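Coordinate inspection notes
Here's the letter readout for the chains.
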Amino acid sequence: MIKALRGMKDIEDPRFLKIFDTARNIAENYGFNYIETPILEETSLFKRSVGESSDIVNKEMYQFIDKGGNDVCLRPEGTAGVVRSFIEHKYDKAQTPKRFWYFGPMFRYERPQKGRLREFHQFGIESFGEPSIYEDINIIAMAADIFDALEIDYTLKINSLGCSECMPKYRNKLIDFLNNHKENLCEDCQRRITQNPIRTLDCKNENCQIILKDAPKITDNLCENCQKDFETLKKGLENLNISYEVDKNLVRGLDYYTKTTFEFVSTEIGAQSAIAGGGRYDRLVEFLGGKSTPGVGFAIGIERIIDLVKTEEKRKGIYIGVMLEDALEFAQKEAKILRKNEKVYFEPKIKSLKAHLKAADKGGYKKAMIVGDEEFKNKTFFEKDL
Ligand code: HAM
């Protein structure tokens, strides 16, 4: 028997669409527009954006050479493709703000476990051309609105990674600290000192965590501008009644972030607790060859939240069934008419009244309309509310 690949799943759960509809409506209400970019992109796009030293690019890409000899890979995330598209369509030259939402599968060759898949789905948004910190507040509020609408409890963690002025100075301070403790750090962190020192801050190794407690923190080393924005961010969230925690170690697994980073976590889903993540990436457009344009966005992991969404308990639609062959055409025609206004299921099998009612009940319909001998003669239905 051929099975789905490890870490990949078939989806039949109606809550998947409920999440999509909810997120999409809210994003549209915030003035964001739909975009869909290809699932397959040039590998270099992710190397240059997500970063060569990140786990995603280093270990987790579904990368191959296609029949034309091109080095391509299945997208591990959505931001890079949207930025590529933004530049390709010359929106960077126009310098008018653009706001997009997207929904689709992402691929990471990770070790599968609960909440961690190799094919998973994200609902994401990207906002281009708006440097104001109020845009960061706006999109965090949007994510919070989506979780509220889906009745999902969350904790919001925020941090600032600074800008090209304060980050490099901080980075050097951190490197000095790490070099002083080098022999006690795990192998990964020793490697990170030269490759990506910031990533040591969220190392999961217990020993590293103890050492890094005393490491200098970026939020204590922000320049005046970044500090001011970070304060405005906190005040802006309070103004919208969105509670948050400052997490000074929240650096995220993708290299493109500057300034604001944030994550929504849930305590109800186990070790893989991040249900959404995002932040600002003011240098990414330029880095990928476009005209310098600020950007900020987030993505929600659909599979991480699906079990937190309640199933619809409300009965919906009409079940139409017949008890004699001759009534099939009459009933099917009636079903077509009623379907203009609501969900109507037409059962083509001839069954007894009892069997039809049982099937209608099991199918979650709110009403059954059945045609027996008598009803067929009078061109009517036996109707029963379920
Ligand atoms: P990310 O934090 O890598 O950010 O992913 C966003 C969310 O996708 C995570 O919070 C998690 O819920 C879900 N996710 C990630 N990996 C997996 C997995 N292996 N299995 C199931 N769910 C997963 C990004 O992807 C950025 N592009 C977000 C962003 C948009 N930043 C700015 N704009």
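Above this text you will find the structure in question.
Heads up: these notes are all about the structure in this document.

1. A short note on the site of the ligand
Close to the ligand lie 26 residues; Glu77, Thr79, Glu110, Glu126 and Tyr257 are nearest. Take phenylalanine 298: an N or O atom from its main chain is 3.3 Å from a nitrogen atom of the ligand. A distance of 3.4 Å separates an oxygen atom of the ligand from a polar atom in the backbone of glycine 301. Out of a free accessible area of 660 Å², the ligand has 96% covered by protein chains. Split by residue class, the shell around the ligand holds 11 nonpolar, 8 polar and 7 charged.

2. Remarks on empty space enclosed by the protein
Considering all chains together, one arrives at 2 cavities of 30 Å³ or more under this definition. Estimated volume of the largest cavity: approximately 70 Å³. Residue lining of the largest cavity: Ser53, Ser54, Asp55, Arg191, Arg192, Asn196 and Arg199, and that is the complete set. Class assignment of the residues belonging to the lining of the largest cavity gives a composition of no nonpolar, 3 polar and 4 charged. Around the second largest cavity, the lining residues are Ile133, Ser160, Cys226, Asp229, Phe230, Lys259 and Thr260. Every element with two or more residues in the lining of the second largest cavity is listed here: helix 10 (224-239) and strand 9 (258-265). Take the lining of the second largest cavity: its biggest share by element is 3 residues, from helix 10.

3. A short note on the nonpolar core
Core analysis: the largest hydrophobic core is formed by 94 residues, its most contacted members being Phe123, Ile125, Ile146, Phe264 and Phe298. If sequence neighbours within four positions are ignored, phenylalanine 264 has contacts with Ile140, Ala143, Ala144, Phe147, Tyr154, Thr155, Leu156, Ser273, Ala274, Ile275 and Ala276. Grouped together as the second largest cluster of nonpolar side chains are 14 residues, Ile318, Val322, Ala331 and Ala335 included.

Conventions and cut-offs
Starting from 1, residues in each chain are numbered consecutively following that chain's sequence as written. Whole-chain, interface and lining totals are the exception, using all residues; otherwise, since this is a predicted model, local features are given only for residues with pLDDT of at least 70 and side-chain atom pairs are given and counted only at 80 or more. Heavy atoms from the whole structure form the basis of all side-chain values; hydrogens and water molecules are not counted. We call a residue near a molecule or strand as soon as one heavy atom of that residue lies within 4 Å of the molecule or strand. Two N or O atoms form a polar contact when they lie within 3.5 Å of each other; inside protein one atom must be a possible hydrogen donor and the other a possible acceptor, and for residues adjacent in sequence the pair counts only when both atoms belong to side chains. All accessible-area figures derive from a Shrake-Rupley calculation using a 1.4 Å probe, and residue coverage is judged against the displayed protein chains alone. Under the convention adopted here, Pro, Cys and the residues Ala, Val, Leu, Ile, Met, Phe, Trp and Tyr are nonpolar, Asp, Glu, Lys and Arg are charged, and Gly plus all remaining residues are polar. Cavities and pockets are defined on a 1 Å grid built over the protein atoms alone: a cavity is a set of grid points where a 1.4 Å probe fits but cannot escape, while a pocket is an open set with protein on both sides within 12 Å along at least five of seven lines, and lining residues are those with an atom within 4 Å of any such point. Grid points are joined across faces, edges and corners, and a volume is the space filled by probe spheres set on the points. Only DSSP runs of H or I reaching four residues or more are called helices, and only runs of E reaching two or more are called strands; each is numbered from the N terminus. What makes a nonpolar core is a set of buried Ala, Val, Leu, Ile, Met, Phe, Trp, Tyr and Cys residues whose side-chain atoms join them at distances within 4.5 Å. Relative accessibility decides the category of a residue: with a 1.4 Å probe and only protein chains considered, values under 20% of the type maximum give buried, values over 50% give exposed, and everything between is partly exposed. Contact between two residues is taken to exist if any of their heavy atoms lie within 4.5 Å; hydrogens are not considered.

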